[in-house]
Amino acid sequence: VGGATAAKSNPLTNYNPVTEARLQNPEPENWLQWRGNYEGWTYSPLDQINADNVSDLVPVWSYSTGELEGHQAPPIVNDGVMFISTPNNQVIALNAETGDELWRYKKEIPEELFQLHPTNRGVGLYGDKVYMAATDACLVALDAKTGEEAWVTCVADWQDGYYMTLSPLIAKGKVMVGVSGGEYGIRGHITAVDAETGKIEWKTHTIPAPGEPGSETWKGDAWKTGGASVWIAGTYDADMGVAFYGTGNGGPWMPDTRPGDNLYANSVVAIDVATGKLTGYHQYHHNDAWDWDEVSPPVIIDYKHKGKNIKGLVHAGRNGYLWTLERNKDGSIDFVDAEKYVKQNVFKSIDPKTGRPTYDPAHTPGTGKTVTFCPSLWGGKDWPPEAYNPKTGLFYIPAHENLCSEMGGVKLAPRKSGELYIGVPIADILTNIRLADGAEDHIGEIQAWDLKKGKKVWQFNMKEMNWGPLLTTGGNLLFSGGSNDRMFRALDARTGKKLWQYRANSGITAVPSSWSVNGTQFIGVQAGWGVDAQRMQGAFDAVMDHTTTVPQGGVLHVFALKKNADKLMEKAAK
Ligand SMILES: O=C(O)c1cc(C(=O)O)c2c(n1)C(=O)C(=O)c1cc(C(=O)O)[nH]c1-2
Ligand SMILES: [Ca+2]
């Protein structure tokens, strides 16, 4: 713990506890939860670094995490103390100004535990504790000042295929986590744990048991293994006391293995945080056939639609449609509109009242039925979060365009606890990518949408993939990595014009964040390529007849304006 170098300027000596009021109204200089605010905007109001001076942005320090694989967590910063999480269940606390290490924690997990998605999407902060959801399906609470374990609460059995990769959502004194395992035939749930004691307060399944509302959308025992995992943190409307969570694919993958609509897979669910009661839902697509997890929660944005004020929920679906919904006072959810944002050949129509799509059977796979469909199984957008900038009024989407998949199912063997339960051979999954017209030009995109007009206003293209979560700022900037050339870029958030770029040690698939200490604004992001960005690259290389090398290794990169960076280096030299 600590060490001589850290002691000098250790900001932990007067650690500022995180309260619900602070999470609701985060100070501009802090980044208290993974997307910055409860609404999921991934927006920092800081504007010292802005569109006029971003060309002066320089690296000021970096930090090696000591881990390979997919680094996806943002730097989470509370009054000069930073916490990052990494693959392999590690949390590192750093001085957010100097990069000095304050402490490091690593959860031991059983050696036999194979991590299908070796990543972690960020810690949660509350009171004087730091929370991490670990791959053994256990939630860990650490003392923010020392990194010592306060308690560990396991919410599911890893030996039965459950694991966790998401960032916790914290509200009403409860730490909420969901479980991954949609590829293992699990039954998804969200669990709320008392932030102080570690006691489980409620557990709400995303698949109803027989007799519960929605159970009529399943046949036989399919509900027990139907997936609907929850692997991305929810957004939260503090006035309503309601959290909005997205749910994963139906399991196994082929739709004929689980006839019916399969509620609440591929949906958004509204959960009353006090009780865990499900108050509403919207299913983006029923009886999933494409592995289109809709786990990204809707972003909470209020806006005008056709002259009417909407308390909105906005979601760029893995299914290739941009969904706008309305959240009602009673916790129910209404459909408003859906627009294609990438090529999509599966939905023949969408009911204008309910939002329910009808499917083209020619693009719907099944057991013994191989077809092509667009977008690919990684979707128009996989997990990397969108961003919303209240200054530009624009909604930003990291997208994959011009991509399709070819897929079909094989007969399934009975489920074995803790073994993959997909019904599509892994070798097929890793070679399933098919290129649509336009792929020679580009695949990765950042799109900016004006929600009032329901129109895309600009687009920035990348040659191949874009697995880059977005950060937008009060300085009219939009930051992201995501491409296989290891670039980290700043665009003008109003126009999409590239203003600055930096080439990192590895590809970037982490959420960037921004904070400030002693008057200096910082931008930080972890580089560290892995998980599905790397697997999709393999699938590309297999069909595009080339080999792409993206080196692995986690490094946190931190940037500031040159004049501030110079001052910090002078201070460090003293
Ligand atoms: O169904 C699930 O439980 C589940 C979990 C995860 C995960 O926990 O990261 C991913 C997926 N599915 C998935 O479908 C997917 O494309 C994916 C990509 C990634 C990643 O970290 O790059 N994780 C996951
Ligand atoms: Ca999945």
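Residues numbered from 1 in each chain as written. Chains lettered and ligands numbered in written order. Predicted model: local features only at pLDDT ≥ 70, side-chain atom pairs only at ≥ 80, totals over all residues. Heavy atoms only, no water.

Trainee: Looking at this structure, I do not really get the sheet that holds strand β17 (residues 267-272). What am I missing?
Mentor: Adjacent strands of a sheet form backbone hydrogen bonds with each other and so pair up, either parallel or antiparallel. Within the open sheet, the 4 strands sit side by side as β15-β16-β17-β18. Their pairing is antiparallel. Every interior strand has two partners, whereas the edge strands, β15 (235-237) and β18 (278-283), have only one. Averaged over all adjacent pairs, the angle separating strand axes in this sheet is 20°, with direction ignored. The pairing of strand β16 (residues 242-246) with β17 spans 5 bridges and is classified as antiparallel. Residue pairing in the sheet places Gly246 in a bridge with Val268 of β17. (Pairing = 2+ DSSP bridges. Helix = DSSP H or I, 4+ residues; strand = E, 2+ residues; numbered from the N terminus. Axes fitted to C-alpha atoms, helices over the stretch in contact; angles between N-to-C directions.)

Trainee: Sorry if this is basic, but what is going on with a nonpolar patch on the surface here?
Mentor: On the surface, a nonpolar cluster with roughly 230 Å² of combined accessible area is contributed by Leu420, Ile426 and Leu430. Counting through the fold element by element, Leu430 comes out in the loop between α3 (426-429) and β29 (433-435). (Patch = residues over 30% accessible without salt bridge, like charges linked within 9 Å, V, L, I, M, F, W, Y side chains within 5 Å. Areas by Shrake-Rupley, 256 points an atom, 1.4 Å probe, with all protein chains shown as cover. Salt bridge = Lys/Arg side-chain N within 4 Å of Asp/Glu carboxyl O.)

Trainee: Could you clarify how one ought to interpret the site of ligand 1 in this entry?
Mentor: Near ligand 1 there are 22 residues, and of these Gln72, Arg121, Thr165, Ser180 and Gly181 occur at the shortest range. In the model, an oxygen atom of ligand 1 is placed 3.2 Å from a nitrogen or oxygen of the Asp293 side chain. With respect to ligand 1, the side chain of Trp383 contributes an N or O atom lying 3.4 Å from an oxygen atom. Within the complex, 99% of the 470 Å² of free accessible area of ligand 1 lies under protein. For the shell around ligand 1, the class distribution of residues is 6 nonpolar, 9 polar and 7 charged. (Near = heavy atom within 4 Å. Polar contact = N/O pair within 3.5 Å; in protein donor to acceptor, adjacent residues only side chain to side chain. Nonpolar A, V, L, I, M, F, W, Y, C, P; charged D, E, K, R; others polar.)

Trainee: Even after reading the chapter, I still don't get helix α5 (residues 562-573), so can you show me in this structure?
Mentor: Because an α-helix packs 3.6 residues into every turn, residues spaced three or four apart end up facing the same way. The end-to-end C-alpha separation of α5 is 16 Å, in line with the 16 Å expected for 12 residues at 1.5 Å each. On its buried face, α5 sits against β2 (57-64), β37 (520-527) and β38 (555-561). (Expected span 1.5 Å × (residues − 1). Contact = heavy atoms within 4.5 Å.)

Trainee: I tried to follow the state of the cysteines on my own but got confused; where do I start?
Mentor: Put plainly, a disulfide is one covalent bond tying together the sulfur atoms of two cysteines. Following the criterion strictly, the structure yields 2 disulfides and no others. With its sulfur 2.3 Å from that of its partner, Cys374 forms a disulfide with Cys404. Because the torsion about its S-S bond is 90°, the bridge between Cys374 and Cys404 counts as right-handed. Of this pair, Cys374 sits in the loop between β25 (371-373) and β26 (387-389) while Cys404 sits in strand β28 (residues 403-407), and the two are 30 residues apart along the sequence. For the chain, numbering the cysteines in disulfides from first to last along the sequence yields the connectivity 1-2, 3-4. (Disulfide = S-S within 2.5 Å.)

Trainee: So what exactly am I meant to see when it comes to the sheet that holds strand β19 (residues 299-305) here?
Mentor: Strands sit in the order β19-β20-β21-β22 across an open sheet of 4 strands; the sheet is antiparallel. Two strands bound the open sheet, and with one partner strand each, they are β19 and β22 (333-340). Shown here is a sheet whose adjacent strand axes are inclined to one another by a mean of 35°, direction ignored. Strand direction decides the pairing type here: strand β21 (residues 321-327) and β22, joined by 7 bridges, are antiparallel. Bridging across to β22, Trp323 finds its partner in Ala338.

Trainee: Please clarify how the side chain of Glu294 should be interpreted in this entry.
Mentor: Relative to the helices and strands, Glu294 resides in the loop between β18 and β19. Arg318 provides the closest opposite charge to the buried, salt-bridge-free Glu294, at an N-O distance of 7.0 Å. A distance of 2.8 Å separates a polar atom in the side chain of Glu294 from the backbone nitrogen of Arg318. In terms of polar contacts, Glu294 uses its side chain to reach the backbone amide nitrogen of Asn319, at 3.0 Å. (Buried < 20%, exposed > 50% of the residue type's maximum accessible area, 1.4 Å probe, protein only. Lys, Arg positive; Asp, Glu negative; His and termini not counted.)

Trainee: I keep staring at the environment of Lys329 and nothing clicks. Help me out?
Mentor: Mapping Lys329 onto the fold places it in the loop between β21 and β22. Separated by 87 residues in the primary sequence, Lys329 and Val242 place their C-alpha atoms 9.8 Å from one another.

Trainee: Looking at this structure, I do not really get empty space enclosed by the protein. What am I missing?
Mentor: A complete count under the given rule lists 3 cavities of 30 Å³ or more for this structure. Estimated volume of the largest cavity: approximately 80 Å³. Lining the largest cavity, in full, are Gln33, Trp34, Arg35, Asn37, Tyr38, Gly40, Pro168, Leu169, Ala233, Gly234, Thr235 and Pro297. Grouping the constituent residues of the lining of the largest cavity by class yields 6 nonpolar, 5 polar and 1 charged. (1 Å grid on protein atoms, 1.4 Å probe; cavity = no way out; pocket = protein on both sides within 12 Å on 5 of 7 lines; lining within 4 Å. Points joined across faces, edges and corners; volume = space filled by probe spheres on them.)

Trainee: Teacher, can you tell me more about the side chain of Asn466 here?
Mentor: Structurally, Asn466 is set in the loop between β31 (455-462) and β32 (471-473). In terms of polar contacts, Asn466 uses its side chain to reach the backbone carbonyl oxygen of Glu445, at 2.9 Å. With near-sequence residues (within four places) excluded, Asn466 lies in contact with Pro398, Ala399, His400, Gly444, Glu445, Ile446, Gly481 and Gly482.

Trainee: Is there a simple way to explain helix α4 (residues 531-544) in this structure?
Mentor: When the terminal C-alpha atoms of α4 are compared, their 20 Å separation across 14 residues agrees well with the 20 Å that a helix rising 1.5 Å per residue should span. All of the buried residues along α4 are Val531, Asp532, Ala533, Met536, Gln537, Ala539, Phe540 and Asp541. The inward-facing, buried residues of α4 contact β27 (394-400), β28 and β29. Following α4 by one or two positions, Asp545 has its phi on the positive side, about 60°.

Trainee: What am I meant to see in the nonpolar core here?
Mentor: Grouped burial of nonpolar side chains is what soluble globular proteins tend to show. Membership of the largest hydrophobic core comes to 123 residues, with the highest contact counts inside it found for Phe83, Trp103, Leu125, Val130 and Phe479. Once residues lying within four places of it in the same chain are set aside, the contact partners of Val130 are Phe83, Val91, Trp103, Val123, Gly124, Leu125, Val140, Ala141, Leu142 and Ala144. Counting 18 residues, the second-largest nonpolar core is a separate cluster that includes Trp41, Tyr303, Val314 and Leu322. (Core = buried A, V, L, I, M, F, W, Y, C linked by side-chain atoms within 4.5 Å.)

Trainee: Just to check I follow, could you spell out the pattern of salt bridges for this structure?
Mentor: By the definition in use, this model includes 25 salt bridges. Between Asp450 and Lys453 there is a salt bridge, with the nearest N and O atoms lying 3.6 Å from each other. The exposure class assigned to Asp450 is buried, which follows from its relative accessible area of 10%. Under the relative-accessibility criterion, Lys453 is labelled exposed at 60%. If you follow the salt bridges from partner to partner, you end up with Asp237, Asp302, Lys311 and Arg327 in one network.

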